[in-house]
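# Residue-level structural notes
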Amino acid sequence: MNDLPKDLTSQELLQQIGRLKKEREAVILAHNYQPPEIQDLADFTGDSLELSMIAAKTPAKVIVFCGVQFMGETAAILSPDKTVLLPVLEAGCTLADYATAEQLREAKKKYPNAIVVTYVNSSAEVKAETDICCTSANAIQIVESIEGNRPILFVSDYNLGHYAAKKTGKNIILWNGCCPTHALLSPFAIAKAKKKWPEAQVIMHPECKPETLELADFVGSTSGMLKYAKSQPAGASFIVGTEVGLLHRLQKENPDKTFHPASDYLICPMMKMTTLKNVKDSLEKMQYVVKVPAEIRLKAKAAVDAMLQYTASLKITTK
Ligand code: CIZ
């Protein structure tokens, strides 16, 4: 007989999470790329724009953010009076790591006339050096809102910046960064998927490479893809060019349609780190608290608020 503690079953973990959530007066947010069981237990599932809006408004005292570091930071920037917990400390974002505040300060010296538009997938320090943030759900509108031909320094996703430049004709200075998961999706993989599922429409995320995006029937953020899939007739099928986590929600919300991953390699290892046990431990031990120093927070908040206010004025609804 060994007397090691036995692992809790999923059912037991879910029960404990439910109890702890009440005790802590917590809300659980999960990004669309999280594992299915995490999405299913969350109070809200969405993209970073939707979740940051919820984080800003929730009456809950504790926000458990099942996602990656920059998302937890964004929630902490918007809700300094709440405790924001990231269940997995190491869940970072390779795309966010492509830009540091120091690099951005140098780029601003090089392009002193440029307005800085930063993808929300960035650190709080980088946001603090930014004029206005954007997400993949509103990048086109935010870029379009920049008046005249003022250069736009678009940080840090090259592919999203390239797509926004193509759609708006704006003068965009691109940053050398990418999401390795999306950048991996090749035109060859799409051609292969189309051969396998010739009836299916190809829906794709703008973090994919320009030559891959050329093959898409629809390009949009995760919330954009959810909305688009919903608008299509029953029986429709789709090849989905984004992180595979989205397929769970797509299929759940559209049981009369079929969704195929564009490639088996569209997996973000950071997004897949969260487990039920991490969420339970997070609530139990109040770990890991996301902290943003006050000085950085205030500057970063101005850039996030600028985005939220502009998005609200446009009445961009993501659902
Ligand atoms: O903005 C987000 O949440 C990301 C990373 C992707 C998307 O399109 O939802």
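Not measured: the values here are computed from a predicted model.

Right, let's get into the pairing of strand β9 (residues 201-204). Of the two faces of β9, the one holding Gln-201 and Ile-203 and the one holding Val-202 and Met-204 are both buried throughout. With two bridges connecting them, β9 and strand β10 (residues 218-219) associate as parallel partners. What sits directly across from Met-204, in β10, is Val-219.

Phe-65, Val-117 and Met-307 are the most contacted members of the largest nonpolar core, which has 52 residues in total. For this core, the element with the highest residue contribution is helix α4 (residues 69-78), accounting for six residues. Two domains each provide a minimum of three residues to this core, namely domain 1 (10-92 + 271-288) and domain 2 (95-178 + 296-314). Apart from residues no more than four positions distant in its own chain, Val-117 is found in contact with Ile-132, Cys-134, Ile-142, Ile-146, Ile-152, Leu-153, Phe-154 and Val-155. Counting residues in hydrophobic clusters, the runner-up holds 16 residues, among them Ala-26, Cys-66, Val-279 and Leu-283.

Close contacts around the ligand come from His-31, Tyr-33, Asp-47, Ser-48, Asn-121, Ser-136, His-205, Ser-221 and Thr-222, and that covers them all. His-31 is positioned such that a nitrogen or oxygen atom in its side chain is 2.6 Å from an oxygen atom of the ligand. Interatomic distance of 2.5 Å between a side-chain N/O atom of Thr-222 and an oxygen atom of the ligand. Burial of the ligand by the protein chains amounts to 98% of its free accessible area of 270 Å². Counted by class, the shell around the ligand contains one nonpolar, seven polar and one charged residues. When we break the shell around the ligand down by domain, the ones giving at least three residues each are domain 1 (10-92 + 271-288) and domain 3 (181-261).

Criteria and thresholds
As a convention, each chain's residues are numbered from 1 in the sequence order in which they are written. With the structure being a predicted model, the display of local features is reserved for residues of pLDDT at least 70 and the display and counting of side-chain atom pairs for 80 or more, all residues being used for whole-chain, interface and lining totals. Hydrogens are left out, water is left out, and the side-chain values use all remaining heavy atoms of the structure. Relative accessibility thresholds used throughout: buried, under 20% of the residue-type maximum; exposed, over 50%; partly exposed, between the two (1.4 Å probe, protein chains only). Put simply, DSSP marks the helices as runs of H or I at least four residues long and the strands as runs of E at least two long, and each gets a number from the N terminus on. Pairing between two strands is assigned when DSSP locates at least 2 bridges connecting them. Take the buried Ala, Val, Leu, Ile, Met, Phe, Trp, Tyr and Cys residues and link them wherever side-chain atoms come within 4.5 Å; each set so joined is a nonpolar core. How far each domain reaches was decided by an automatic or database domain assignment. Here, two residues are considered to be in contact whenever any of their heavy atoms come within 4.5 Å of each other. Throughout this document, a residue counts as near a molecule or strand when at least one of its heavy atoms sits within 4 Å of that molecule or strand. What qualifies as a polar contact is a pair of N or O atoms within 3.5 Å, subject to a donor-acceptor requirement within protein and to the restriction that residues adjacent in sequence count only when both atoms come from side chains. Using the Shrake-Rupley algorithm and a 1.4 Å probe, accessible areas are obtained, with residue cover drawn only from the displayed protein chains. Only Asp, Glu, Lys and Arg are considered charged, only Ala, Val, Leu, Ile, Met, Phe, Trp, Tyr, Cys and Pro nonpolar, and every remaining residue, Gly among them, polar.

Remember, this is a structural readout, not a statement about activity or role.
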